[in-house]
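These are the residues of each chain, in order.
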Amino acid sequence: MTITIAELFKQNRTFEGYKSALVKLNGDFSFEVDDMIDLGNQYLELYPDTYSNRNRDHVQLGYQVVRISILENMLKDFESSVKTFFREMFFNISRIEPVIGNLVKNKGFDAVLGYYDILAENNRKIKLKIDQIPIGMVKERYVGGITNFYNVIYLLKQAVEKNR
Amino acid sequence: MAEAKKILAIDDDPDILESVKAILDGNGFETVTAASGSEGLDAYKSGKPDLILCDMMMEHVDEGTKVAAKIREEDTQIPIYLLSSIGDATASNINPGDLGFNGVIQKPVDPDSLVSIVKKALKM
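Small disclaimer: the values here were computed from a predicted structure and weren't measured.

## Examining the confidence of the model for chain B
Scored by pLDDT, chain B has a mean of 90; 92% of the residues are at 70 or more. The ipTM value of the predicted complex is 0.91, and its pTM value is 0.93.

## Observations regarding helix α5 (residues 111-121) of chain B
An α-helical turn contains 3.6 residues, so any two residues separated by three or four positions project in the same direction. Among all positions in α5(B), only Pro111(B), Leu114(B), Val115(B), Val118(B) and Ala121(B) are buried. The arc that holds every buried residue of α5(B), seen down its axis, measures 135 degrees, which confines them to one face. Among the structural elements, α8 (137-162) of chain A together with β1 (6-10), α1 (14-26), β3 (51-55), β4 (80-84) and β5 (103-106) of chain B are those in contact with the buried residues of α5(B). Count one or two residues on from α5(B) and you reach Lys123(B), which has phi positive near 55 degrees.

## Considerations on the pattern of salt bridges
Residues and elements named next belong to chain A. Under the criterion given, the structure shown has 17 salt bridges over all chains. Between Glu-97 and Lys-162 there is a salt bridge, with its nearest N and O atoms 2.6 Å apart. One end of the pair, Glu-97, is in helix α6 (residues 96-107); the other, Lys-162, is in helix α8, with 65 residues separating them in the sequence. A salt bridge links Glu-161 to Arg-164, with the shortest nitrogen-to-oxygen separation between them at 2.8 Å. Here Arg-164 falls in the exposed class, since its relative accessible area comes to 64%. Linked through salt bridges whose partners overlap, the residues forming this network are Asp-49, Glu-140 and Arg-141.

## Remarks on the pairing of β4(B)
Consecutive side chains along a regular strand alternate between the two faces of the sheet. Residues and elements named next belong to chain B. Burial analysis of β4 places five of its five residues in the buried class, the great majority of the element. Burial of β4 is two-sided: the residues Ile-80, Leu-82 and Ser-84 facing one way and the residues Tyr-81 and Leu-83 facing the other way are all buried. Both β3 and β4 contribute to a ladder of four bridges, which runs parallel. Looking across to β4, one finds that Ile-52 is bridged to Ile-80. Following the backbone out of β3, through helix α3 (residues 63-74) and into the adjacent parallel β4, one traces a crossover that is right-handed. In terms of strand pairing, β4 meets β5 through four bridges, oriented parallel. Residue pairing in the sheet places Leu-82 in a bridge with Val-104 of β5.

## Some points on the environment of Ala121(B)
All names here are of chain B. Relative to the assigned elements, Ala-121 resides in helix α5. Separated by 43 residues in the primary sequence, Ala-121 and Ile-78 have C-alpha atoms spaced 9.5 Å apart. The contacts of Ala-121, once residues within four sequence positions are left out, are Leu-51, Pro-79 and Tyr-81.

## Considerations on the packing of helix α4 (residues 56-74) of chain A against α8(A)
Residues and elements named next belong to chain A. Interaxial distance between α4 and α8 falls to 8 Å at its minimum, and their mutual angle equals 55 degrees. Comparing their axes, α8 and α4 come out oblique. In this structure, α4 meets α8 at a crossing whose hand is right-handed. Each of Val-59, Gly-62, Tyr-63, Val-66, Arg-67, Ile-70, Leu-71 and Met-74 in α4 lies in contact with α8, whose residues at this interface are Glu-140, Arg-141, Tyr-142, Gly-144, Gly-145, Ile-146, Asn-148, Phe-149 and Ile-153. Of the residues contributing to the contact of α4 with α8, the split by class is 10 nonpolar, four polar and three charged.

## Focus: unusual backbone geometry
Each neighbour pair has its own omega, and for Lys107(B) with Pro108(B) the value is -5 degrees, a cis peptide bond. Inspection of the secondary structure assignment puts Pro108(B) in the loop between β5 and α5. Positive phi, close to 65 degrees, is recorded for Arg13(A), a residue that is not glycine. By the secondary structure assignment, Arg13(A) is in the loop between α1 (5-12) and α2 (15-24). On the basis of relative accessibility, which here comes to 43%, the residue Arg13(A) falls in the partly exposed class.

## What to know about α3(B)
Residues and elements named next belong to chain B. Relative to the 16 Å expected for 12 residues at 1.5 Å per residue, α3 spans 18 Å between its end C-alpha atoms, a close match to the ideal helical length. If you check which residues of α3 are buried, you get Glu-63, Gly-64, Thr-65, Val-67, Ala-68, Ile-71 and Arg-72. Looking at the buried residues of α3, the elements they touch are β1, α2 (37-47), β3 and β4.

Calculation notes
Residue positions within a chain follow its written sequence, with the count starting from 1. Throughout, the order in which chains and ligands are written sets their labels, letters from A for the former and numbers from 1 for the latter. Confidence filtering applies because this is a predicted model: local features only for residues at pLDDT of at least 70, side-chain atom pairs given and counted only at 80 or more, and all residues used for totals across whole chains, interfaces and linings. Excluding hydrogens and water, the side-chain values take into account all heavy atoms of the structure. Here pLDDT means the predictor's own confidence in every residue, given as a number from 0 to 100. Think of it in three bands: with a 1.4 Å probe and only protein chains considered, a residue is buried below 20% of the maximum accessible area for its type, exposed above 50%, and partly exposed in between. Secondary structure is summarised from DSSP: a helix means a run of H or I of at least four residues, a strand means a run of E of at least two, and numbering begins at the N terminus for each. The arc in question is the one spanned by the directions pointing from the helix axis to the C-beta atoms. Residue contacts are counted whenever heavy atoms from the two residues lie within 4.5 Å of one another. Salt bridge, as applied in this entry: a Lys or Arg side-chain nitrogen positioned within 4 Å of an Asp or Glu carboxyl oxygen. Between any two strands, pairing holds if DSSP finds at least two bridges. Handedness rule for crossovers: strands pointing away from the viewer, path from the first strand over the helix to the second running clockwise, crossover right-handed. Under this scheme, a helix contributes an axis fitted over its contacting stretch, all axes are lines through C-alpha atoms, and angles between N-to-C directions fall in the 0 to 180 degree range. Throughout this description, any angle smaller than 35 degrees is read as roughly parallel, any larger than 145 degrees as roughly antiparallel, any in the 65 to 115 degree range as roughly perpendicular, and the remainder as oblique. Each crossing is labelled by how the near helix is turned from the far one, with a counterclockwise turn of less than a right angle marking it left-handed and a clockwise turn marking it right-handed. By the convention adopted, Pro, Cys, Tyr, Trp, Phe, Met, Ile, Leu, Val and Ala count as nonpolar, Lys, Arg, Asp and Glu as charged, and the other residues, Gly among them, as polar. By definition here, a helix of n residues has an expected span of 1.5 Å times n minus one.

Structure follows, in structure tokens:
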């Protein structure tokens, strides 16, 4: 078993540092409820935030850390070249239509629909884990974090259907 | 052709704003975004939207309620929906009507449900 994501964040401390280190793991990390909570607590230890005294930069960092963690877990079973395309789309939604169009050309409609189905199912599984996190600041970050995946997955589906 | 209905989305998360705008615009709406409660109030005054989607926790943990209260001083009719990530336990303790909202949309939001709620609120 490799390093935990909480330890990885403690070592890297910034979003870009964490993202770079996490991507190198190529999906080989544990992302169970306890791992998610530990990451959240580590983030709050380094970037405190309270309901009564919000730090917006810390809040946005929290969402970004959660999002890259969710994404890398969601993509863990994809081949590397395909992972690159989906990372591009999740971080820049204006790229969804051109990238999906090219993927359909190169891999075929059924293959791309298959990728969508895996992402949608993995999103559902991760949401079930988030539901188990106790109410509080850590859960709020994960709820806010995964919210964007629902939107992006919807846009992916639309783009896939346009290429039917 | 009828003019597109205008939606004002207020949220301090730029990723959410961008993707919500893409979803709503893709469904025929014209979406204006604002990244804070104060920006949202400015956008409301200058843009006269048909419906407002407003996050709760922004500059302050209850910023959404402040925005709704301000808008309701001028307009008691415009549909305003709260986007809440607080959680079911807290959401069930508040009466959205008392705070000026027509309803609460719990995050994470299913985009098909969001579009459906918006269309129903605008009688489309």
